[in-house]
Amino acid sequence: YRVTSVKIDPYLNVDAGTMSPFEHGEVFVLDDGGEGDLDLGNYERFVGVTLTRDHNLTTGKIYKACIDKERRGDYLGKTVQVVPHVTDAIMEWLERG
């Protein structure tokens, strides 16, 4: 097994680049160019790890991934629903991190 840090936020924003710095602090840019809030910078410093955009999960990223799959035809015309499609997308995201 491998353990890592993942920041999970309920925001519909895809990344922190468009979020208000007054509410969330400054944007922290990760080594791979991903944008997160300062919590990810704290995780890197205190845990001593290098994080990527995959370590920052938002509702917006999950919904975007599901909509992109639907537009490509990956769901083969099925009605896209929270269960199972969104929940599967969350599990896939966490397993790849």
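Up top is the structure.
Position labels on residues start from 1 in each chain and follow its written sequence. Where totals are concerned, whole chains, interfaces and linings use all residues; where local detail is concerned, this predicted model gives features only for residues with pLDDT of at least 70, and gives and counts side-chain atom pairs only at 80 or more. Side-chain measures here rest on the full set of heavy atoms in the structure, leaving out hydrogens and waters.

(A) Highlighting the packing of helix α3 (residues 59–72) against helix α4 (residues 82–96). The interhelical angle for the contact between α3 and α4, taken along N-to-C directions, is 115 degrees, at an axis separation of 9 Å. One element, α3, and the other, α4, form an angle in the roughly perpendicular class. Read as a crossing pair, α3 and α4 show a hand that is right-handed. Across the interface between the two elements, Lys61, Ile62, Tyr63, Cys66 and Lys69 from α3 touch His85, Val86, Ala89, Ile90, Glu92 and Trp93 from α4. Helix axes are fitted only over the stretch in contact, all axes being lines through C-alpha atoms; the angle between N-to-C directions runs from 0 to 180 degrees. Numbering of helices and strands runs from the N terminus, with a helix taken as a DSSP run of H or I at least four residues long and a strand as a DSSP run of E at least two residues long. Oblique is the label for every angle not falling under 35 degrees (roughly parallel), over 145 degrees (roughly antiparallel), or within 65 to 115 degrees (roughly perpendicular). Crossing handedness is defined as follows: a turn of the near helix away from the far one that is anticlockwise and smaller than a right angle gives a left-handed crossing, while the clockwise case is right-handed. Should any heavy atoms of two residues lie within 4.5 Å, those residues are considered in contact.

(B) Quick peek at the environment of Gly73. Relative to the elements of secondary structure, Gly73 occurs in the loop between α3 and α4. Categorising residues by exposure relies on relative accessible area from a 1.4 Å probe, with only protein chains included: less than 20% of the type maximum marks a residue as buried, more than 50% marks it as exposed, and the intermediate range marks it as partly exposed. With a relative accessible area of 33%, Gly73 lands in the partly exposed category.

(C) Representation of the packing of aromatic side chains within the structure. Two rings from Phe, Tyr or Trp (for Trp, the six-membered ring) form a pair when their centres are within 6.5 Å of each other. A pair whose planes differ by under 30 degrees is stacked, one over 60 is edge-to-face, and the rest are tilted. Under the criterion given, the structure shown has 0 aromatic pairs. Two limits define a charge over a ring: the Lys NZ or Arg CZ must be within 6 Å of the ring centre, and within 35 degrees of the ring normal. For the cation-ring pair, Arg96 lies above Trp93, with the distance from its terminal atom to the ring centre recorded as 4.1 Å.

(D) Up close: the pattern of salt bridges. Criterion for a salt bridge: a side-chain nitrogen of Lys or Arg within 4 Å of a carboxyl oxygen of Asp or Glu. The final tally for this structure, using the stated rule, is 9 salt bridges. The partner of Lys7 in a salt bridge is Asp9, and the shortest N-O contact between them spans 3.3 Å. Here the two residues Lys7 and Asp9 agree in accessibility, since each one is buried. As a salt-bridge pair, Arg72 and Asp74 come within 2.7 Å of each other at their nearest N and O atoms. One salt-bridge network, in which partners are shared between bridges, spans Lys7, Asp9, Asp37 and Asp39.

(E) Region of interest: α3. Over its 14 residues, α3 runs 20 Å from end to end, which matches the ideal 20 Å to within 8%, given 1.5 Å per residue. Buried within α3 we find Gly60, Lys61, Ile62 and Cys66. Buried-residue contacts for α3 involve β4 (56–58) and α4. Immediately downstream of α3, the backbone of Gly73 shows phi near 90 degrees, a positive value. Multiplying 1.5 Å by the helix residue count minus one yields the expected span of that helix.

(F) Inspection of the environment of Asp88 at higher detail. Inspection of the secondary structure puts Asp88 in helix α4. Judged by relative accessible area, Asp88 falls into the partly exposed class, the value being 33%.

Keep in mind these values describe shape, not function.
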